[in-house]
Amino acid sequence: MEAKEYKTIKTEIRLPYELAYGATWTRFFEGLKNKTIYGTKCTKCGRILVPARSFCPRCFVDADQWVEVSQVGTLIAWCYTNYKYFGMPTEPPFIGSLIRLNGTDVNFLHLMGGFDLNNFDEVKKIIKSGMKVEAVWSDDRKGHIMDIKYFRPL
Amino acid sequence: MGRPVAIIGVGQTKHGRRMDVSYPELVREAVVAVFNETGLTPNDIDGVVSGTMPSMMEGIALTHFYFADAMQAAGKPIMKTETCGSTGVSIAHTAYYWVASGMADLVLAVGHEKMNEGNSQATMTTVAEPFYQRYFISGAPGVFSMQSQMWMDRYNIPEEKIRDAAAFISVTHHDDAFDNPYAHIKMKVTMDEVKNARIITYPVRLLDVCPNSDGACAVIFASKDMVKKLGRKPAWVKGVGYRGEEYFFGDSDKVVWESAIQAAKQAYDQAGIKNPRKELDVAEVYNPFTFQEMLFYECFGFCEPGESPDMVLKGTFTRKGELPCDPSGGTLCTNPIGATGLIRVAEAALQVTGKAGDHQIPKAKLALSHAMGGVDQFNGIMILGSKL
Ligand SMILES: [Zn+2]
């Protein structure tokens, strides 16, 4: 039985979806279109959550107090990615990053950029956890998470 | 905790690249192995629990239907449990609850995966919703490398020390796998090779990462009456714990990692364990990434926060150390995801029944098994002991 190659079949599944944002995500993405990052404040625990949420995941009460949050923050953690898999929505190399925007209480997930990403050794000299960063906007904004191009080191 | 429950037999396939069999045939291999081991037949089984990665991995939905014949499940109660990487421990918990509740006396639990047939990182990415997080999460390695960095920063652990400790873990587990007849990767590696391997997602390098394996594992859970009746050496379930995280990755702390800490605490409380490093004889910790294994040691109370790299380098967790971890070579050397957690449980059962062969930890009586799933979302524990 060993050393023999058996037949395989190549197959693929593609299914269309249309996912509803609801009012809160819609308003958050409209904000990005206007170069504004919105969070919502939980009236019970007082945390400012970003992206904006319709309810606080901890207190389970509506989080309907809208706040415009800072576009400047602190880099908490980052991950340099230079490999690709099927369906990857962001073209590598990229730096997935957790950013604590000033005045907020959770980490916002986005990209670091604004410098040459092709050479990791160079990237490692520039990027440091704890550094101050600032949002850089795309010129072509569609009401989408990528309306923020990336965060750049300050 | 309900009625006492024990594992009375385990079966594993040879794990690796298994393009020599179709997926149901692979599943049947593990099921046949556990029936051969126990002398039981499908007629003896009251119910079947099965599980995989999210079905995007398989390309076929309702895998418990696809494998119904291979598991001899037709005409029986059947359940599927699916929690990504922790699927195997979730399957074990489901089977345990079924017997503990008194609704069944013998339950067959089967975990399985053919990683080489699908795309694991593309599947992982579908765990993140497509309008916010999916753009930034580069599969499992991305999430875990961010977590490793946060851990490093929190406790000011020198990067070099962590790098050395992670390399040490890779070297020892790769050595351990040679003594496990079912392990996938059997390869001698050196500290230098690990430290200079190709970067996957910094600081994680190729030899810090588990392989893509095909494999299946089958385990039979029995009530106390059945254990007596069958006269088999039992591995008693002493404690189970399971916790999930909040959904968004940035919402909760992944260093003081509550799902891991609380899952272990729940299981320890049930098992009456106060000092896990002293009381446990062996642990099968889910370790798809060397760095993450060290974080688990801390979350499970094997050592103090920030202390694990020092303890690793002292050899505390090697096979001759104070608390041997992953003497099977662990997930780092074998990762058929839907089976992986159940393999941890099966290995713990083999250890406390003295059946682990060349990687047996002498006189092991109390063992912890663990698996983690999702984008750092789930942690599950099952503690097994030789005595009720
Ligand atoms: Zn709240």
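Residues numbered from 1 in each chain as written. Chains lettered and ligands numbered in written order. Predicted model: local features only at pLDDT ≥ 70, side-chain atom pairs only at ≥ 80, totals over all residues. Heavy atoms only, no water.

Peer 1: Which parts of the structure should I look at to understand the overall build of chain B?
Peer 2: Check the secondary structure of chain B and you find 14 helices and 11 strands. Summarising its shape, the C-alpha atoms of chain B cover approximately 55 × 45 × 40 Å along the three principal directions. Each of the 388 residues in chain B was classed as buried or not, and the buried ones make up 66%. Intrachain contacts of chain B at a sequence separation of at least 6 include 77% that bridge at least 24 residues. Of the charged side chains in chain B, 37 are positive and 44 negative; the average position of the first set lies 6 Å away from that of the second. (Helix = DSSP H or I, 4+ residues; strand = E, 2+ residues; numbered from the N terminus. Buried < 20%, exposed > 50% of the residue type's maximum accessible area, 1.4 Å probe, protein only. Contact = heavy atoms within 4.5 Å. Lys, Arg positive; Asp, Glu negative; His and termini not counted. Charge placed at Lys NZ, Arg CZ, Asp CG, Glu CD.)

Peer 1: Teacher, can you tell me more about the confidence of the model for chain B here?
Peer 2: Regions with low pLDDT carry predicted coordinates that are not meant to be interpreted in detail. Taken as a whole, chain B shows an average pLDDT of 96; of its residues, 100% reach a score of 70 or greater. Confidence estimates for the predicted assembly give a pTM of 0.97 and an ipTM of 0.95. (pLDDT = per-residue confidence, 0-100.)

Peer 1: I tried to follow the coordination of the zinc ion on my own but got confused; where do I start?
Peer 2: Ideal values for angles at a metal depend on the geometry: 109.5 degrees with four tetrahedral donors, 90 or 180 degrees with six octahedral donors. Residues and elements named next belong to chain A. Summarising the metal site, the zinc ion is bound by the protein donors Cys-42 (SG), Cys-45 (SG), Cys-56 (SG) and Cys-59 (SG), whose distances to it range over 2.3 Å. Sequence spacing of the donor residues for the zinc ion, all on one chain, is C-x2-C-x10-C-x2-C. Of this pair, Cys-45 sits in the loop between strand S1 (38-41) and strand S2 (48-49) while Cys-59 sits in the loop between S2 and strand S3 (65-68), and the two are 14 residues apart along the sequence. Overall, Cys-59 belongs to the buried group, its relative accessible area being 18%. (Donors = N, O, S within 2.8 Å, 3.2 Å for Na, K, Ca; no water.)

Peer 1: Please explain the nonpolar core as it appears in this structure.
Peer 2: Nonpolar side chains in soluble globular proteins tend to end up buried together. Counting 147 residues, the largest nonpolar core has Phe-28 and Ile-37 of chain A together with Phe-221, Phe-300, Phe-302 and Leu-384 of chain B as the members making the most contacts within it. When residues in this core are grouped by element, the largest group, 10 residues, is from helix H14 (residues 337-352) of chain B. If you look at the next biggest cluster of nonpolar residues, it comprises 27 residues, including Tyr-23, Ala-73, Val-227 and Trp-236 of chain B. (Core = buried A, V, L, I, M, F, W, Y, C linked by side-chain atoms within 4.5 Å.)

Peer 1: Before we go on, may I ask you to explain a nonpolar patch on the surface in this structure?
Peer 2: Together, Ile-13, Leu-15, Tyr-17 and Leu-19 of chain A give the surface a local cluster of nonpolar side chains, amounting to about 490 Å² of exposed area. Residue classification places Leu-19 of chain A among the partly exposed positions, given a relative accessible area of 48%. (Patch = residues over 30% accessible without salt bridge, like charges linked within 9 Å, V, L, I, M, F, W, Y side chains within 5 Å. Areas by Shrake-Rupley, 256 points an atom, 1.4 Å probe, with all protein chains shown as cover. Salt bridge = Lys/Arg side-chain N within 4 Å of Asp/Glu carboxyl O.)

Peer 1: Just to check I follow, could you spell out the packing of aromatic side chains for this structure?
Peer 2: Considering all chains together, one arrives at 32 aromatic pairs over all chains under this definition. Ring geometry for Tyr-21 of chain A versus Phe-131 of chain B: centroids 5.2 Å apart, planes at 80°, classification edge-to-face. Of this pair, Tyr-21 of chain A sits in the segment before helix H1 (22-33) while Phe-131 of chain B is found in the loop between helix H4 (120-125) and helix H5 (139-154), placing the two residues in two different chains. Here Tyr-21 of chain A falls in the partly exposed class, since its relative accessible area comes to 32%. For Phe-131 of chain B, a relative accessible area of 15% puts it in the buried group. Relative to Phe-120 of chain A, the ring of Tyr-80 of chain A has its centre 4.9 Å away and its plane inclined at 45°; by these criteria the two rings are tilted. Taken together, the residues Tyr-80 of chain A in strand S4 (residues 72-81) and Phe-120 of chain A in helix H2 (residues 120-126) connect sequence positions 40 residues apart. In terms of burial, Tyr-80 of chain A and Phe-120 of chain A fall into one category: buried. Taken together, the ring pairs connect Tyr-21, Trp-25, Phe-28, Phe-29, Phe-108 and Phe-151 of chain A together with Phe-131, Tyr-132, Tyr-135, Phe-136, Tyr-247 and Phe-248 of chain B into an aromatic cluster. Lying across the ring of Tyr-38 of chain A, Arg-27 of chain A places its NZ or CZ 5.6 Å from the centre. Between Arg-27 of chain A and the ring centre of Trp-66 of chain A, over which it is positioned, the NZ or CZ distance is 4.1 Å. (Phe/Tyr/Trp six-rings, centres within 6.5 Å; stacked < 30°, edge-to-face > 60°. Lys NZ or Arg CZ within 6 Å of the ring centre and 35° of its normal.)

Peer 1: Help me out: how do you make sense of the state of the cysteines in this one?
Peer 2: Any covalent bond linking the sulfur atoms of two cysteines counts as a disulfide. Applying the stated criterion across every chain, the model contains zero disulfides over all chains. No disulfide involves Cys-210 of chain B; its nearest neighbouring cysteine sulfur is the one of Cys-333 of chain B, lying 9.8 Å away. (Disulfide = S-S within 2.5 Å.)

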